[in-house]
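# Observations on chain architecture
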Amino acid sequence: MTAAAPVPDDGARWRVLGLVCLALVLSMTTWFSATAVTPELIAAWGLSPADASWLTNMVQLGFVAGALGSSLVNLPDIVAPRKLMAASAALAALANLSLLVAPSVAALFVARLITGAALAGVYPPALKLISTWFVRGRGTALGAVIGALTLGSASPHLVRGLVEHIDWRVVVAVASVATLIGAAIFRTFAREGPAPFSRATFDPRQITAVLRNRPLALANIGYFGHMWELYAMWGWFLVFVTAAPPSLGVPSAAAASLITFAVIGVGAFGALLGGLLADRIGRTATAAGMMAVSGTCALLIGVVFDGPVWLFAIVALIWGVSVVGDSAQFSAMATEVSDPRYVGTALAVQLGVGFALTILSIRLVPVFVDWVGWRWSFMLLTPGPVIGVAAMLALRRRPEAGKIAQGLR
């Protein structure tokens, strides 16, 4: 970013942030659209528990392939974010819609894979674009972006919970239409701000420069620990609640969906809270604190598995806030400690590797359940926050990263 970046008009930057967040809420509905109707898909296709886990994991795998593939050719630093996000959202909508006509289980998985790959062209460029509007207050702005992603990811559970007997095809169709609307908003309104990052040309050797950046490596390790926990919690919480004993007091499948929406959706508040804290007390302190809380909740949720429901709800909602409250700050750190010419590539690498880890944690949860049962299943996730906290404390001690990676101005 240029040393003397012009100060953006406040009205313009908040307007762009609001429109991009709206488009993200609409576009990210395709991420968990199949997860929200997993019971119906299991019944319709005779899916095994392993097959059901891949409904979410194929999206993660597609995202990894899309993010890392785009980083190898520096796509996020070559193509204008507005065009890349619009085209990618449209592709995600079409891939999601193809679930309605899939002729086989294999076709279901391919559709989810393509959806994830397309969303890799939405989320990382959105982080980069908003950063061009917010040099100051970047943590708060990126927190709003993550909050939008969180609401979009949670919304299929809301649709499923409000209309208990709605056909699963309606949930999928609504998510696809919403994503097409998001694509139109991106194409029309998502312009870069007055402090753009330098344009890049294709040079695959630059990915090695990204990997050699030590402060960025610590930020990435923190992110990887965070991601080990996040999507496994999001992806399995509905099943976790459904598996709870009657003493917990969840009356129906619709109630379980609404609880899951609340626990995931409250993360939007967590992301905003994390952004506000990061711009005041520092990014590393905020991220370390959030991971300490979320890791503790991953242990406590098993303690309250059989109720009372009010105590379960408190622990679950605190977990929902903290598990994603630090997410935006890792991206903010990446924009601040990376070579300005390759910020998009650095973000794509960070996100790509992080989402690759989610494939493993999502897949291991049902394996762990076979050993310990659902009550203690989320204990598997606690090493991620522990490693993340250690990385943040190490980054905080580095003098060359302190003022920028901690969000101090």
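Above this text is the structure in question.
A brief look at the structure comes next.

What counts and what doesn't
- Residues numbered from 1 in each chain as written.
- Predicted model: local features only at pLDDT ≥ 70, side-chain atom pairs only at ≥ 80, totals over all residues.
- Heavy atoms only, no water.
- Helix = DSSP H or I, 4+ residues; strand = E, 2+ residues; numbered from the N terminus.
- Buried < 20%, exposed > 50% of the residue type's maximum accessible area, 1.4 Å probe, protein only.
- Contact = heavy atoms within 4.5 Å.
- Areas by Shrake-Rupley, 256 points an atom, 1.4 Å probe, with all protein chains shown as cover.
- Core = buried A, V, L, I, M, F, W, Y, C linked by side-chain atoms within 4.5 Å.
- Phe/Tyr/Trp six-rings, centres within 6.5 Å; stacked < 30°, edge-to-face > 60°.
- Axes fitted to C-alpha atoms, helices over the stretch in contact; angles between N-to-C directions.
- Parallel < 35°, antiparallel > 145°, perpendicular 65-115°, else oblique.
- Left-handed = near helix turned anticlockwise from the far one by under 90°.
- Nonpolar A, V, L, I, M, F, W, Y, C, P; charged D, E, K, R; others polar.
- Salt bridge = Lys/Arg side-chain N within 4 Å of Asp/Glu carboxyl O.

## A closer look at the overall build of the protein chain
- Secondary structure summary: the protein chain contains 19 helices and zero strands in total.
- Looking at the protein chain as a whole, 59% of its 409 residues are labelled buried.
- Sequence-distant contacts in the protein chain: of pairs separated by 6 or more residues, those separated by 24 or more amount to 86%.
- Of the roughly 14900 Å² of accessible surface on the protein chain, 72% is carried by carbon and sulfur atoms.

## Describing the side chain of Asn57
- Within the secondary structure layout, Asn57 lies in helix α3 (residues 49-72).
- Setting aside chain neighbours within four positions, we find Asn57 in contact with Thr358, Ile359, Ile362 and Arg363.

## Looking at the nonpolar core
- Ile130, Phe186, Tyr231, Trp234, Trp319 and Phe355 are the most contacted members of the largest nonpolar core, which has 104 residues in total.
- In terms of residue count, the dominant contributor to this core is helix α11 (residues 214-242) (17 residues).
- Excluding anything up to four places from it in sequence, Tyr231 contacts Trp31, Phe32, Gln60, Leu149, Phe355, Thr358 and Ile362.
- Ala102, Phe109, Trp168 and Val172 belong to the second-largest nonpolar core, a separate cluster that totals 15 residues.

## Quick word on the packing of aromatic side chains
- With the rule as written, the count across this model stands at 19 aromatic pairs.
- Measuring from centroid to centroid gives 6.2 Å for Phe237 and Phe312, while their planes differ by 35°, and the two rings are tilted. Note that Phe237 is positioned in helix α11 and Phe312 in helix α15 (residues 309-325), a separation of 75 residues in sequence. Across the pair, Phe312 and Phe237 agree in class, each one buried.
- Among the aromatic side chains, those forming a connected cluster through ring pairs are Trp31, Phe63, Tyr123, Tyr231, Trp234 and Phe355.

## Here's the deal with the packing of helix α13 (residues 267-281) against α15
- Where α13 meets α15, the closest approach of the two axes is 7 Å, and the angle between their N-to-C directions is 50°. In terms of their interaxial angle, α13 and α15 are classed as oblique. The two elements α13 and α15 meet at a crossing, and its hand is right-handed. Along its contact with α13, which presents Gly267, Phe269, Gly270, Ala271 and Gly274, the element α15 presents Gly320, Val321, Val324 and Gly325.
- When the residues that make up the contact of α13 with α15 are grouped by side-chain class, the tally is four nonpolar, five polar and no charged.

## Re the packing of α13 against helix α14 (residues 283-303)
- Orientation of α13 relative to α14, taken along the N-to-C sense of each, is 140°, at an axis distance of 7 Å. With respect to their mutual orientation, α13 and α14 come out oblique. Once α13 is placed against α14, the crossing between them reads as right-handed. Residue-level contacts link Gly270, Leu273, Gly274, Leu277, Ala278, Asp279 and Ile281 of α13 to Arg283, Ala285, Thr286 and Met290 of α14.

## Regarding the side chain of Thr115
- Tracing the sequence through the fold places Thr115 in helix α6 (residues 105-119).
- Of the residues examined, Thr115 reaches a relative accessible area of 0% and is grouped as buried.
- Ignoring any residue separated from it by four or fewer positions in sequence, one finds Thr115 in contact with Thr30, Ala92, Ala95 and Asn96.

## Brief notes about the pattern of salt bridges
- Throughout the structure, instances matching the rule amount to four salt bridges.
- Across the pair Asp279 and Arg283 runs a salt bridge, and its minimum N-O distance is 3.4 Å.
- A relative accessible area of 9% places Asp279 in the buried class.
- Accessibility expressed as a relative area gives 2% for Arg283, which makes it buried.
- For Arg283, the salt bridge goes to Glu336, with nearest N and O atoms at 2.7 Å. Here Arg283, found in helix α14, pairs with Glu336, found in helix α16 (residues 327-337); they are 53 residues apart in sequence, far enough to count as distant.
- What emerges from the salt-bridge pattern is a single network uniting Asp279, Arg283 and Glu336.

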